[in-house]
Amino acid sequence: MSRRRPRTTAAVLLGLLLTLIAASPALAAGYRYWSFWDGAGGTWAYATQGPSTARPADGTVLGFRFSVSKDAAAEAARPRAAADFEAVCAGTSAADGKKRVALVLDFGVPEDAPGGERPPQDAPRTACAQVAPEATAAEALASVAKPLRYNGAALLCGISGYPRTGCGEPIADPEPGAAAPSASGSAPGSASGSASAPAGSGGPSAGLVAGIAAVVAVAAAGVWQSRRRGR
């Protein structure tokens, strides 16, 4: 009888683990959100801070891309315009007590738009924000692209009123258009730690990972206790 208990406990907990995985699409799903990018060295790099905490220096290029894609630097869709400060801010003269931040706003493709909406324009929009030296990326964005929309967790949900609703919702089967284009940005977030993501955050799948780890730990403890009692 004592030998059956560990097997029974392990089987029950394994079933719970499989149920948890099946019930959550987090590992496979994409997300519809504005991702946040740094124009590092002329190419786009997934931001490691959110817009509300990042304080770009004068001459910085920042990108925002709305798309359906995974919340990960290697899988999120990059802005489809070059990370070129001079191209964006050449017509804005430097001013004392101000910094210039080049912004690339890519509203994405119609396939990624929420139901009943479409991107306000096809090509990415660029703007040169001239703001106070201590201004955050969010403040630079607000100076050129109002209205902005945030949720209760300070996640950036809408830029220039797009989209009207929704914020980082999971999409079970991302459309082919969600694939990330080349790093050159010739052609999409977080978010929280990232752009707006769900833009560089750990991503919405972090909760699932923690849940799986917890179930595995409970399973191991249950088997150990059962074996101990059976001795």
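As a reminder, the structure under discussion sits directly above these lines.
Residues numbered from 1 in each chain as written. Predicted model: local features only at pLDDT ≥ 70, side-chain atom pairs only at ≥ 80, totals over all residues. Heavy atoms only, no water.

With respect to the state of the cysteines
Applying the stated criterion to the full structure yields two disulfides. Disulfide pairing is shown between Cys 89 and Cys 128; the S-S distance is 2.1 Å. Here the S-S torsion is close to 105 degrees, and the disulfide linking Cys 89 with Cys 128 is therefore right-handed. Placement of the pair is Cys 89 in helix 2 (residues 85–89) and Cys 128 in strand 5 (residues 125–131), with a sequence separation of 39 residues. For the pair shown, Cys 89 and Cys 128 are each scored as buried. Numbered in order of appearance, the disulfide-bonded cysteines of the protein are paired 1-2, 3-4. (Disulfide = S-S within 2.5 Å. Helix = DSSP H or I, 4+ residues; strand = E, 2+ residues; numbered from the N terminus. Buried < 20%, exposed > 50% of the residue type's maximum accessible area, 1.4 Å probe, protein only.)

Some remarks on the pattern of salt bridges
Within the structure shown, the criterion is met by five salt bridges. Among the salt bridges present, the one from Arg 32 reaches Glu 169, with a minimum N-O distance of 3.3 Å. You can see Arg 32 sitting in strand 1 (residues 30–40) and its partner Glu 169 sitting in strand 8 (residues 169–171), a full 137 residues away along the chain. The partner of Arg 164 in a salt bridge is Glu 117, and the shortest N-O contact between them spans 3.8 Å. Here Arg 164 is found in the loop between strand 7 (156–158) and strand 8, whereas its partner Glu 117 is found in the loop between strand 4 (99–106) and strand 5, with 47 residues between them in sequence. Connected via shared salt-bridge partners are Arg 65, Arg 80 and Asp 106. (Salt bridge = Lys/Arg side-chain N within 4 Å of Asp/Glu carboxyl O.)

Concerning unusual backbone geometry
The residue after Lys 146, namely Pro 147, is reached through a cis peptide bond having omega -5 degrees. With respect to the helices, strands and loops of the structure, Pro 147 is situated in the loop between helix 3 (137–142) and strand 6 (149–150). Phi angles above zero are rare outside glycine, and Ala 154 is one such case at about 65 degrees. In this structure, Ala 154 sits in the loop between strand 6 and strand 7.

Quick look at the environment of Phe 66
Along the chain, the position of Phe 66 falls in strand 3 (residues 60–69). For Phe 66, a relative accessible area of 2% puts it in the buried group. Taking the C-alpha atoms as reference, Phe 66 lies 9.5 Å from Cys 157; in sequence the two are 91 residues apart.

Observations concerning the nonpolar core
With 22 residues, the main nonpolar core has Phe 64, Leu 105 and Ile 159 as its most contacted residues. Listing elements by their share of this core, those giving two or more residues are strand 1, strand 3, strand 4, strand 5 and helix 3. (Core = buried A, V, L, I, M, F, W, Y, C linked by side-chain atoms within 4.5 Å.)

Concerning the packing of aromatic side chains
Aromatic ring pairs are defined here through the distance separating the ring centres and the angle between the ring planes. This model, assessed by the stated rule, comprises six aromatic pairs. On the numbers, 5.5 Å between centres and 55 degrees between planes, the contact of Trp 34 with Phe 66 is tilted. Pair noted here: Trp 34 is in strand 1 and Phe 66 is in strand 3, with a separation of 32 residues, a long-range link. Residue Trp 34 is classed as buried on the basis of its relative accessible area, which comes to 1%. Taken together, a centroid distance of 6.1 Å and an interplanar angle of 65 degrees make the contact between Phe 107 and Tyr 162 edge-to-face. Taken together, the residues Phe 107 in the loop between strand 4 and strand 5 and Tyr 162 in the loop between strand 7 and strand 8 connect sequence positions 55 residues apart. (Phe/Tyr/Trp six-rings, centres within 6.5 Å; stacked < 30°, edge-to-face > 60°.)

What about the pairing of strand 3?
Most of strand 3 is tucked away, with ten of its ten residues classed as buried. Here eight bridges tie strand 1 to strand 3, and the two strands are oriented antiparallel to one another. Bridging across to strand 3, Trp 37 finds its partner in Gly 63. (Pairing = 2+ DSSP bridges.)

Focus on the environment of Pro 79
Relative to the elements of secondary structure, Pro 79 occurs in the loop between strand 3 and helix 2. Classification of Pro 79 by relative accessible area gives buried; the value is 0%. For the pair Pro 79 and Trp 37, spaced 42 residues apart in sequence, the C-alpha separation works out to 8.0 Å.

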